[in-house]
Amino acid sequence: MITATSPLVPDLITLDQALELDSAQNLALHRRHLNPRIAALFEIIGAETPLTRAEGCHVWDARGVRYLDFLSGFAALNLGHNHPAIDGALERTRDCCNLVEGLSPAAAALAHNLAVLSPGRGLDRVFFANSGAEAIDASLKLARAATGRSRIVACERGFHGRTMAALSINSTRAFREKFEPLVPHTSFVPYGDADALEQALKQRDVAGFVVEPVQGEAGMVVPPPGYLRQARALCSRYGSLLIADEVQTGLGRTGRLFAVEHDDIVPDALVLGKALGGGVMPISAVLTSEEHWKAAHGGTPRSPFQTPTFGGNTRACVAALATLEVLLQGGLIPHAAGLGELLLTRLRELQAKHPLMAEVSGRGLMAGIRFAAPAGGVISSMTGGVLQRLSHDFIAGLFVLELRQTHRILTLSTLNDPTVLRAQPPLVCTHGHVEEFVRALDQTLTEFRDSLSAGLLKHWHLLVRALTV
Ligand code: PLP
């Protein structure tokens with residue numbers, strides 16, 4: 001137990017104590033007050049030692065063990081951990097008013113820069129929020145207000161966050177079912193299918209079509225060539241707003257500042273989040289045109305639109321201004337594009353050698369490795385196929401374990417497709433980091449080659465315990 005030394009209230013943990021909690025104390029608090037299942041899972045896989053230090057592409061746990069980060073905070077750490085330019089910028093705001101009544105210069109400058117950088121310089125009205133999901137909610141309201149229509153169309157298996165409205169455009173049952181009924185008048189079309197999109201839009205009752213230029217949580221899925229251009233044309237033809245969710249793809253992740261630049265389209269709304277705050281400040285933004293913005297705001301100072309308390313706060317905007325500078329200076333985005341090519345090429349070379357890798361997908365430093373269903377063999381004959389099915393769902397998990405425990409590399413599977421392992425390092429990673437990841441994956445694939453039996457047996461006790469927590 002933690003000895004209470006707080007002079008304020010008995011039992012209160014002081015800040016000094018909080019910064020010095022050991023693994024057992026931390027685990028006990030997570031069990032008691034946060035999510036006990038997550039705490040148990042981390043303990044089972046031997047990952048209960050907190051990660052306490054971070055720099056660039058690496059993090060260290062409290063014992064001093066170093067890990068290479070190939071998860072990047074789910075693409076929030078495009079600049080890596082604790083980038084000195086972001087820390088330096090925030091240091092300069094120490095004496096600023098963070099939440100000013102009135103006109104914040106930092107928000108003004110950031111809105112200006114985002115407008116200048118926006119695709120085709122066409123999106124010069126900006127709305128700030130704090131999370132990706134909150135900005136997605138705002139973009140749906142924008143679409144409804146701008147069109148006077150109610151229906152929202154999104155793509156199957158897409159991910160846009162977990163607030164009520166963002167969840168309403170997530171087709172994955174497991175995420176939705178406990179919270180229904182969700183926001184009405186939403187429907188889904190298969191990603192990449194322009195005919196299905198046209199069918200959905202041609203009733204002319206759709207306010208907005210929300211699409212990720214690369215579907216991250218569906219397994220790093222790149223749409224067929226020309227799809228986004230067709231979507232742009234269809235939305236214009238039928239009077240619906242095209243909303244590009246670039247919360248994950250934006251800010252250099254795919255090798256361009258915005259992923260829609262690969263298709264040279266200008267959406268009606270572009271949603272940013274995650275990496276915008278340099279990996280340290282929560283900030284998200286919706287970029288749109290004057291015309292749509294006016295419709296949502298109603299042209300009055302007392303806007304009916306969203307006005308979150310921390311939206312556009314000085315520190316978050318300063319972190320975002322510094323983030324844009326780092327991204328644009330020194331060729332970081334072309335660097336990421338080059339390393340993305342290398343990563344995908346190396347992964348495809350591995351695929352040719354390992355039948356367990358069914359598919360390699362992605363763009364830039366946003367790559368997915370989809371595993372094949374394990375072949376029959378031992379597993380199937382032992383269990384009549386049940387384990388085989390289960391093991392397909394857990395296959396990426398086995399690789400996550402092995403990469404973490406043996407190779408000290410951090411990653412996870414994608415949220416809407418657990419059979420896909422993500423390879424999403426910070427953009428500041430090097431050629432050497434990419435090769436290190438590929439080598440570790442190659443070794444793991446070689447070890448697990450025989451229909452995964454080896455991997456399942458190796459981690460069997462962990463999987464069984466993880467399934468029963
Ligand atoms: N949109 C996309 C494409 C995402 O990947 C995510 C989060 O993973 C979100 C929206 C939601 O962002 P947040 O978790 O900041 O609410």
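Conventions used here
- Residues numbered from 1 in each chain as written.
- Predicted model: local features only at pLDDT ≥ 70, side-chain atom pairs only at ≥ 80, totals over all residues.
- Heavy atoms only, no water.
- Near = heavy atom within 4 Å.
- Polar contact = N/O pair within 3.5 Å; in protein donor to acceptor, adjacent residues only side chain to side chain.
- Nonpolar A, V, L, I, M, F, W, Y, C, P; charged D, E, K, R; others polar.
- Patch = residues over 30% accessible without salt bridge, like charges linked within 9 Å, V, L, I, M, F, W, Y side chains within 5 Å.
- Areas by Shrake-Rupley, 256 points an atom, 1.4 Å probe, with all protein chains shown as cover.
- Salt bridge = Lys/Arg side-chain N within 4 Å of Asp/Glu carboxyl O.
- Helix = DSSP H or I, 4+ residues; strand = E, 2+ residues; numbered from the N terminus.
- Buried < 20%, exposed > 50% of the residue type's maximum accessible area, 1.4 Å probe, protein only.
- Phe/Tyr/Trp six-rings, centres within 6.5 Å; stacked < 30°, edge-to-face > 60°.
- Lys NZ or Arg CZ within 6 Å of the ring centre and 35° of its normal.
- Pairing = 2+ DSSP bridges.
- Axes fitted to C-alpha atoms, helices over the stretch in contact; angles between N-to-C directions.
- Contact = heavy atoms within 4.5 Å.
- Core = buried A, V, L, I, M, F, W, Y, C linked by side-chain atoms within 4.5 Å.
- Disulfide = S-S within 2.5 Å.
- 1 Å grid on protein atoms, 1.4 Å probe; cavity = no way out; pocket = protein on both sides within 12 Å on 5 of 7 lines; lining within 4 Å.
- Points joined across faces, edges and corners; volume = space filled by probe spheres on them.

Caption draft 1: Structural detail: the site of the ligand. Taken together, Ser131, Gly132, Ala133, Phe159, His160, Gly161, Glu212, Asp245, Val247, Gln248 and Lys274 make up the full set of residues near the ligand. In the environment of the ligand, an oxygen atom lies 2.8 Å from a nitrogen or oxygen atom belonging to the backbone of Gly132. Within the backbone of Ala133, a nitrogen or oxygen atom sits 2.8 Å from an oxygen atom of the ligand. Looking at side-chain class alone, the shell around the ligand contains three nonpolar, five polar and three charged residues.

Caption draft 2: A nonpolar patch on the surface, seen in detail. A cluster of nonpolar side chains, namely Leu8, Val9 and Leu12, defines an oily patch on the protein surface of about 290 Å² accessible area. Tracing the backbone shows Leu8 in the segment before helix 1 (15-19). For Leu8, a relative accessible area of 69% corresponds to the exposed category.

Caption draft 3: Spotlight on the environment of Ile136. Relative to the helices and strands, Ile136 resides in helix 7 (residues 132-147). When the C-alpha atoms of Ile136 and Ser284 are compared, they prove to be 9.3 Å apart, with 148 residues separating the residues in sequence.

Caption draft 4: Summary view of the pattern of salt bridges. If you walk through the whole model with that rule in mind, you get 20 salt bridges. Measuring nitrogen to oxygen at the nearest pair gives 2.7 Å for the salt bridge that ties Arg63 to Asp61. One salt bridge in this structure joins Arg346 and Glu349, with 3.5 Å as the shortest N-O distance. Note that Arg346 and Glu349 are positioned in helix 14 (residues 332-353) at a spacing of three residues, about one turn of the helix. By relative accessible area, which is 44% here, Glu349 ends up partly exposed. A cluster of three or more residues bridged by salt bridges with shared partners is formed by Arg157, Glu359, Arg370 and Asp417.

Caption draft 5: Just the packing of aromatic side chains, in detail. For the coordinates displayed, the defined rule picks out five aromatic pairs. With a centroid separation of 6.2 Å and an interplanar angle of 75 degrees, the aromatic rings of Phe159 and Phe175 are classed as edge-to-face. Of the two residues, Phe159 is situated in the loop between strand 5 (151-155) and helix 8 (164-168) and Phe175 in helix 9 (residues 173-176); the sequence distance between them amounts to 16 residues. A relative accessible area of 17% places Phe175 in the buried class. Stacked on the ring of Phe175, the Lys or Arg Arg162 has its end atom at 4.4 Å from the ring centre. A cation over an aromatic ring shows up here: Arg404 above the ring of Tyr67, its NZ or CZ 5.1 Å from the ring centre.

Caption draft 6: Local environment of the sheet that holds strand 12 (residues 367-371). Taken in spatial order, the three strands make up an open sheet running 11-12-14, and their pairing is antiparallel. Each end of this open sheet is capped by a strand with a single partner; those strands are strand 11 (357-362) and strand 14 (420-423). Each strand of the sheet is rotated relative to its neighbour by a mean of 20 degrees, with strand direction disregarded. As paired elements, strand 12 and strand 14 share four bridges and run antiparallel to each other. Paired with Gly368 across the bridge in strand 14 is Arg422. Sitting on the sheet, helix 14 is in contact with strand 11, strand 12 and strand 14, with an inclination near 170 degrees to strand 11.

Caption draft 7: Structural detail: the nonpolar core. Judged by nonpolar contacts, the single largest core of 91 residues is most densely connected at Leu114, Phe128, Phe209, Leu343, Leu347, Leu421 and Phe437. It is helix 13 (residues 314-328) that contributes the most residues to this core, 10 residues altogether. Contacts of Phe209, omitting those with residues within four sequence positions, involve Val153, Ala154, Cys155, Val189, Leu197, Tyr227, Ala231, Cys235, Leu241, Leu242 and Ile243. The next biggest cluster of nonpolar side chains, apart from the first, holds 24 residues, and it includes Ala129, Ala166, Val210 and Val247.

Caption draft 8: How the structure looks around the state of the cysteines. Under the defined criterion, the tally for this structure stands at zero disulfides. In this structure Cys97 is a free cysteine whose sulfur lies 7.2 Å from that of Cys96, the closest cysteine sulfur available.

Caption draft 9: Geometry of the sheet that holds strand 4 (residues 125-129). Read from one edge to the other, the open sheet built from seven strands follows the order 4-10-9-8-7-5-6, with strand pairing classed as mixed. Pairing within the sheet leaves two strands with one partner each, and these edge strands are strand 4 and strand 6 (186-189). Neighbour-to-neighbour, the strand axes of this sheet turn through a mean angle of 20 degrees, independent of strand direction. Across the sheet, helix 7 is in contact with strand 4, strand 5, strand 7 (206-211), strand 8 (241-245), strand 9 (269-272) and strand 10 (284-288); its angle to strand 8 comes to roughly 175 degrees.

Caption draft 10: Fine view of the pairing of strand 4. Among the five residues that make up strand 4, four are buried, leaving the element largely enclosed by the rest of the structure. Examined bridge by bridge, strand 4 and strand 10 share five bridges and lie antiparallel to one another. Paired with Phe128 across the two strands is Ala285, which belongs to strand 10.

Caption draft 11: Representation of empty space enclosed by the protein in the model. As enumerated under the stated definition, the model contains one cavity of 30 Å³ or more in all. Size it by volume and the largest cavity reaches roughly 30 Å³. Looking at the largest cavity, the residues that line it are Arg125, Val126, Phe127, Leu142, Val286, Thr288, Trp293 and Phe305. Those elements that place two or more of their residues in the lining of the largest cavity are strand 4 and strand 10. Here the lining of the largest cavity takes three residues from strand 4, the largest share from any one element.

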